[in-house]
Amino acid sequence: MKILVDADACPVKKIIVRLAKKSNIPVTMLTDTSHELHDGYSTIITVDKAADSVDYALMGLLSREDIVVTQDYGLAAMVIGKGARAVNPNGMIFTDDNMDKLLMERHIGQKVRRSGGRTKGPAKRTKEDDTRFEAVFDDIVSTLRRL
């Protein structure tokens, strides 16, 4: 088991590293060339800035027993399609049951924006978001370690 992080805009990197260290689980953070990461624990993989470069690199490293942290619904769909676990930095676990709805909402939002409309952005991140992510992530790690 390893933890793979779509790290470009991930607000919970420190939480991930802290929990991974506690459980002695390797972490790989993937980012493009516009970001620089150093946390003293994770393996950092930097890819070019081409569209979806991080997603493709992450999928190339993915195994069935891995955990992926991402905000990208498309990447999450590919991850769960390969039988691995995917979780959003807000603590939402991506599943077959919620993926169709999430992808449809993303599609509708893209259509609105392409036609000149505006969509509401994400809410400002709160301490409760971090607390919820930590609890969910810790539970996923604990569950997988017992398997």
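Look up: the structure comes first, before these words.
What counts as what
Residues numbered from 1 in each chain as written. Predicted model: local features only at pLDDT ≥ 70, side-chain atom pairs only at ≥ 80, totals over all residues. Heavy atoms only, no water. Helix = DSSP H or I, 4+ residues; strand = E, 2+ residues; numbered from the N terminus. Buried < 20%, exposed > 50% of the residue type's maximum accessible area, 1.4 Å probe, protein only. Polar contact = N/O pair within 3.5 Å; in protein donor to acceptor, adjacent residues only side chain to side chain. Contact = heavy atoms within 4.5 Å. Pairing = 2+ DSSP bridges. Axes fitted to C-alpha atoms, helices over the stretch in contact; angles between N-to-C directions.

## A few points about the side chain of T70
Here is step 1 of the chain: Along the polypeptide, T70 turns up in the loop between β4 (67-69) and α3 (73-81).
Here is step 2 of the chain: A relative accessible area of 1% means that T70 is categorised as buried.
Here is step 3 of the chain: Within the structure, T70 has its side chain in polar contact with the backbone nitrogen of D72 (distance 3.0 Å).
Here is step 4 of the chain: Leaving out residues up to four positions away in the same chain, T70 has contacts with D6, L75, A76, V87, N88, P89 and F94.

## Some points on the sheet that holds strand β6 (residues 93-94)
Here is step 1 of the chain: Spatially, β3-β2-β1-β4-β5-β6 is the arrangement adopted by the six strands of the open sheet, whose pairing is mixed. The open sheet has two free edges, formed respectively by β3 (43-47) and β6, since each of these has just one partner strand.
Here is step 2 of the chain: When strand β1 (residues 3-6) meets β4, the two strands line up parallel, connected through three bridges. Residue pairing for β4: V5 is matched across the bridge by V69.
Here is step 3 of the chain: Contacting β1, β2 (27-32) and β4, helix α1 (residues 13-23) runs over the sheet at an angle of about 160 degrees to β2.
Here is step 4 of the chain: Across the sheet, helix α2 (residues 53-61) lies against β1, β2, β3 and β4, angled at about 155 degrees from β2, the strand it touches most.

## Some details on α1
Here is step 1 of the chain: Taken together, the buried positions of α1 are occupied by I15, I16, V17, L19, A20 and S23.
Here is step 2 of the chain: The inward-facing, buried residues of α1 abut β1, β2, β4 and α5 (127-146).
Here is step 3 of the chain: Just downstream of α1, N24 is the residue with a positive phi angle, here 55 degrees.

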